Amino acid sequence: MIDTILCDEKAAWDKTVAKFGGHPLQLWGWGEVKAAHNWHVQRITIVDGNETIGAAQILLRNLPKPLNQLCYIPRGPVYKQGREDDVLAAIVNYVKHKLPCAVLTIEPDTEHPLRAKGWRQSPNNILLSRTLILDLTHTTDELLAAMTKKTRQYIRKSGRAGLDIKPVKTHQDIAACLEIYRQTAKRAKFALHDDQYYYDIHDKLGENSQIFAAYEDNRPISFLWLATSRETSFELYGGMNDRGQALRANYALKWHAIAECKRQGIKRYDMNGLLNDGVSNFKHGFASHENKLAGTYDYPMSPFYPVWRHGLPLAKRAIRSTKKLLGK
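Rules and cut-offs
- Residues numbered from 1 in each chain as written.
- Predicted model: local features only at pLDDT ≥ 70, side-chain atom pairs only at ≥ 80, totals over all residues.
- Heavy atoms only, no water.
- Helix = DSSP H or I, 4+ residues; strand = E, 2+ residues; numbered from the N terminus.
- Rg over C-alpha atoms; globule rule 2.2 N^0.38 Å.
- Buried < 20%, exposed > 50% of the residue type's maximum accessible area, 1.4 Å probe, protein only.
- Contact = heavy atoms within 4.5 Å.
- Areas by Shrake-Rupley, 256 points an atom, 1.4 Å probe, with all protein chains shown as cover.
- Lys, Arg positive; Asp, Glu negative; His and termini not counted.
- Charge placed at Lys NZ, Arg CZ, Asp CG, Glu CD.
- Pairing = 2+ DSSP bridges.
- Axes fitted to C-alpha atoms, helices over the stretch in contact; angles between N-to-C directions.
- Polar contact = N/O pair within 3.5 Å; in protein donor to acceptor, adjacent residues only side chain to side chain.
- Parallel < 35°, antiparallel > 145°, perpendicular 65-115°, else oblique.
- Left-handed = near helix turned anticlockwise from the far one by under 90°.
- Phe/Tyr/Trp six-rings, centres within 6.5 Å; stacked < 30°, edge-to-face > 60°.

Caption draft 1: Structural context of the overall build of the protein chain. Secondary structure assignment for the protein chain yields 12 helices and 16 strands. The C-alpha atoms of the protein chain give 20 Å as radius of gyration, which agrees with the globular expectation for 328 residues (20 Å, within 12%). Each of the three principal axes of the protein chain carries a C-alpha extent, and together these read 60 × 40 × 35 Å. Within the protein chain, the fraction of its 328 residues that count as buried is 54%. Within the protein chain, residue pairs in contact and separated by at least 24 positions form 72% of the contacts whose partners lie at least 6 positions apart. A total accessible area of about 15400 Å² is found for the protein chain, and carbon and sulfur atoms account for 49% of it. Averaging the locations of the 47 positively and 34 negatively charged side chains of the protein chain gives two centres separated by 6 Å.

Have a look at this one:
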C-alpha cells in the first residue's frame with residue numbers, strides 16, 4: 001500500500017534525496033532558505049510498504065485571490081526508477097487533500113517528457129528548461145576537447161595571470177563577492193535580493209553551498225556560486241568586476257569549479273539555463289552540446305487554474321513575483 005509521510009528530520013531527508021540522485025534544490029537547506037523568505041515548505045516521502053519510493057520538497061507561495069496558493073516542486077520530485085507514476089499520483093493525492101491551491105507545478109530534473117495522467121505542459125516556466133549540463137564522468141581531456149578553441153585559450157590565458165582561486169567561506173568574503181555581484185547586476189540590468197538572502201543560502205545549505213573566487217593581490221575579482229548535491233552541481237550566481245573582465249578571470253574560475261566538482265565525485269555540472277545573451281555565449285564555449293530538460297508541468301487543482309495558465313494580469317503579477325522570490 002502506498003502512503004505519504006511528512007518528514008521533519010534534516011539528515012533523513014537529505015539521505016533520501018541523495019539515495020535517488022536528487023537535485024540541490026530538493027535539499028533540506030534550500031527549503032529552509034525559501035521558508036525564511038516568504039515561502040512555506042512541506043517535505044513528504046512516499047512509501048510502499050516498508051520501502052521509500054520517492055520524495056518531494058513542496059514550496060508553497062500565497063497568491064492573490066481567488067488563486068489561493070501555488071504548490072511548487074523545483075527540480076523534483078525524486079523517485080525510484082520505474083516508480084515515477086506512483087510517486088506523482090501520491091503527491092497529487094496529498095496536495096489535493098492537504099494543501100488547497102490553484103495549481104501544483106513541477107519542473108523535473110530530467111530530459112524525458114512527463115506522461116503521467118492529469119499533468120499538462122505549462123507555459124509558465126520558473127526555471128529554464130534549455131540549459132547545458134556537463135557529464136563529469138568524462139575525463140578531463142574529454143571535457144577540454146568538447147570546449148571551443150577560444151575557451152581553452154582563455155582558460156590558459158587567465159590561468160597565467162597569477163590569480164589565486166580558492167573557496168569562499170566567511171560572511172566577510174561573501175560580502176566582497178556580493179559587491180562584485182552588484183556591479184555585474186548594474187551592467188546587465190537585473191535585480192538582486194537583499195544581502196541577507198545570499199547569506200542565508202550559504203548558511204542553510206552548509207557544505208552544499210560552494211563558492212569559488214579568483215583573487216588578485218588578495219582581492220576578489222570574480223566569483224562563482226554553486227549549490228551541490230551528491231550527483232549534481234547547479235550554478236546559482238556569478239560575476240566579475242572590471243579587473244576580472246580585463247583578465248578574463250571567469251574562464252579559469254569556471255574551469256576550476258568544474259574540475260573541483262569532478263574531483264568531489266559529482267557527476268553533473270548544470271549551468272542553470274541558456275538564453276540568447278552574452279552569458280549564454282560564454283557558457284556555450286564549455287561544451288559542444290545543449291540539454292533540454294522536460295520543462296514545466298501543471299496539475300490543475302482549482303476551477304481558477306485557467307487564470308494561472310493563460311497568464312491573465314493577476315497571474316502575470318504572481319508569476320513575476322514567484323520568479324523573483326525564487327532568485328531567478
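Caption draft 2: Examining the sheet that holds strand S10 (residues 164-168) more closely. Pairing is mixed in the open sheet, where six strands are placed in the order S9-S14-S13-S12-S11-S10. The open sheet terminates on both sides in strands that have one partner only, identified here as strand S9 (133-135) and S10. Ignoring which end each strand starts from, the neighbouring axes of this sheet average 25 degrees apart. Sheet analysis places S9 next to strand S14 (residues 268-270), joined by three bridges and oriented antiparallel.

Caption draft 3: Spatial organisation of the environment of Arg 130. In this fold, Arg 130 is placed in strand S8 (residues 130-131). Sequence-wise, Arg 130 and Gly 82 are 48 residues apart; in three dimensions their C-alpha atoms are separated by 25 Å. Each residue touching Arg 130, except ones within four places of it in the same chain, is listed here: Gly 273, Leu 274, Leu 275, Asn 276, His 284, Glu 290, Asn 291 and Lys 292. A distance of 2.9 Å separates the side chain of Arg 130 from the side chain of Glu 290, its partner in a polar contact.

Caption draft 4: Examining the pairing of strand S13 (residues 232-240) more closely. With eight of nine residues buried, S13 is to be regarded as a mostly interior element. In this structure, strand S12 (residues 219-228) lies alongside S13, joined through seven bridges in antiparallel fashion. Bridging from a neighbouring strand, Ser 222 pairs with Met 240 of S13. Hairpin connection of S12 to S13: three residues between the antiparallel strands.

Caption draft 5: Structural detail: unusual backbone geometry. Along the chain, Lys 65 connects to Pro 66 via a cis peptide bond; the corresponding omega equals 10 degrees. Here the amide bond leading from Gly 76 into Pro 77 is cis, since omega sits at 5 degrees, within 30 degrees of zero. With respect to the helices and strands, Pro 77 occurs in the loop between strand S4 (69-74) and strand S5 (78-79). Positive phi, normally seen in glycine, also occurs at Asn 38, with a value near 75 degrees. Here Asn 38 lies in the loop between helix H2 (28-35) and strand S2 (40-48). At Asn 272, a position not held by glycine, the phi torsion is positive, near 60 degrees. Residue position: Asn 272 is located in the loop between S14 and helix H10 (278-284). For Asn 272, a relative accessible area of 17% corresponds to the buried category.

Caption draft 6: Broad picture of the packing of helix H6 (residues 171-188) against helix H7 (residues 195-205). Direction vectors running N to C along H6 and H7 enclose 130 degrees, while the axes themselves pass 11 Å from each other. Judged on the interaxial angle alone, H7 and H6 are oblique. The two elements H6 and H7 cross, and the hand of that crossing is right-handed. Residue-level contacts link His 171, Ile 174, Ala 175, Leu 178, Tyr 181 and Arg 182 of H6 to Asp 195, Tyr 198, Tyr 199, His 202 and Asp 203 of H7.

Caption draft 7: Fine view of the packing of aromatic side chains. Tallied over the full model, the rule gives 13 aromatic pairs. Between Trp 119 and Tyr 299, the aromatic rings sit 5.4 Å apart at their centres with planes inclined by 70 degrees, giving edge-to-face as the arrangement. Remark: Tyr 299 occurs in strand S16 (residues 297-300) and Trp 119 occurs in the loop between strand S6 (103-107) and strand S7 (120-121); sequence separation between them is 180 residues. You'll find Trp 119 and Tyr 299 in the same group, each marked buried. Relative to Tyr 237, the ring of Tyr 181 lies with its centre 5.6 Å away and its plane at 55 degrees, an arrangement referred to as tilted. Remark: Tyr 237 occurs in strand S13 and Tyr 181 occurs in helix H6; sequence separation between them is 56 residues.

Caption draft 8: Representation of the side chain of Asn 124. Inspection of the secondary structure puts Asn 124 in the loop between S7 and S8. A polar atom in the side chain of Asn 124 sits 2.8 Å from the backbone oxygen of Trp 308.

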